[in-house]
Amino acid sequence: MLKTQVIRKLIREAAKSRKRAYAPYSKFLVGAAALGGSGKIYGGCNVENASYGLTICAERTAIFNAVAAGEKKIRGLAVLFHHTRRGAPCGACRQVIREFGKNVPVVLANLRGGYDLREIEDILPGSFGPEDLR
Ligand code: THU
């Protein structure tokens, strides 16, 4: 599990990234931050498109950012979008998080700093993963 200090850092980075969200259609700003195996933190925001279905969520942006920077492991992820309501990754993002293990910690945060800490397995039970391909 993650140390409180790391959780705080993830939440701070997610909040910073949320401000960069490109969401002219939904106006729904989402921020995320992924903790790479190296200990570095990578931010991500949602990026929408005039062809709506091409939109990418903040969580996947953060994870892909980390992987593109050379990370092989994702040790945790935080997501936030609302002042009081806690973040919740969509189904597609849950599957992308799960790629990096059943026990990846997911911080469901709000903009006031409140959060719930879960493992991806808890919010995506009975999932399909890399092991199933072997
Ligand atoms: N969105 C995310 O960034 N993450 C989620 O887990 C849920 C949805 C974005 C996609 C779209 O830009 C906006 O929120 C409204 O669906």
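Please refer to the structure higher up on the page.
Residues numbered from 1 in each chain as written. Predicted model: local features only at pLDDT ≥ 70, side-chain atom pairs only at ≥ 80, totals over all residues. Heavy atoms only, no water.

K.L.:
Just to check I follow, could you spell out the packing of aromatic side chains for this structure?
P.N.:
The geometry of an aromatic ring pair is captured by the separation of the ring centres together with the interplanar angle, meaning the angle of the planes. Following the criterion strictly, the structure yields two aromatic pairs and no others. Each ring, one from Tyr25 and one from Tyr52, has its centre 5.4 Å from the other, and the planes form 45°; the classification is tilted. Of this pair, Tyr25 sits in the loop between α1 (4-18) and β1 (31-36) while Tyr52 sits in the loop between β2 (41-45) and α2 (58-68); the two residues are 27 residues apart in sequence, bridging distant segments of the chain. A relative accessible area of 40% places Tyr25 in the partly exposed class. A ring pair is formed by Phe28 and Phe81, whose centres lie 5.0 Å apart and whose planes are at 45°; its orientation type is tilted. With Phe28 in the loop between α1 and β1 and Phe81 in the loop between β3 (74-80) and α3 (91-98), the pair connects residues that are 53 residues apart, well separated along the chain. Assessed through its relative accessible area of 38%, Phe28 is described here as partly exposed. (Phe/Tyr/Trp six-rings, centres within 6.5 Å; stacked < 30°, edge-to-face > 60°. Helix = DSSP H or I, 4+ residues; strand = E, 2+ residues; numbered from the N terminus. Buried < 20%, exposed > 50% of the residue type's maximum accessible area, 1.4 Å probe, protein only.)

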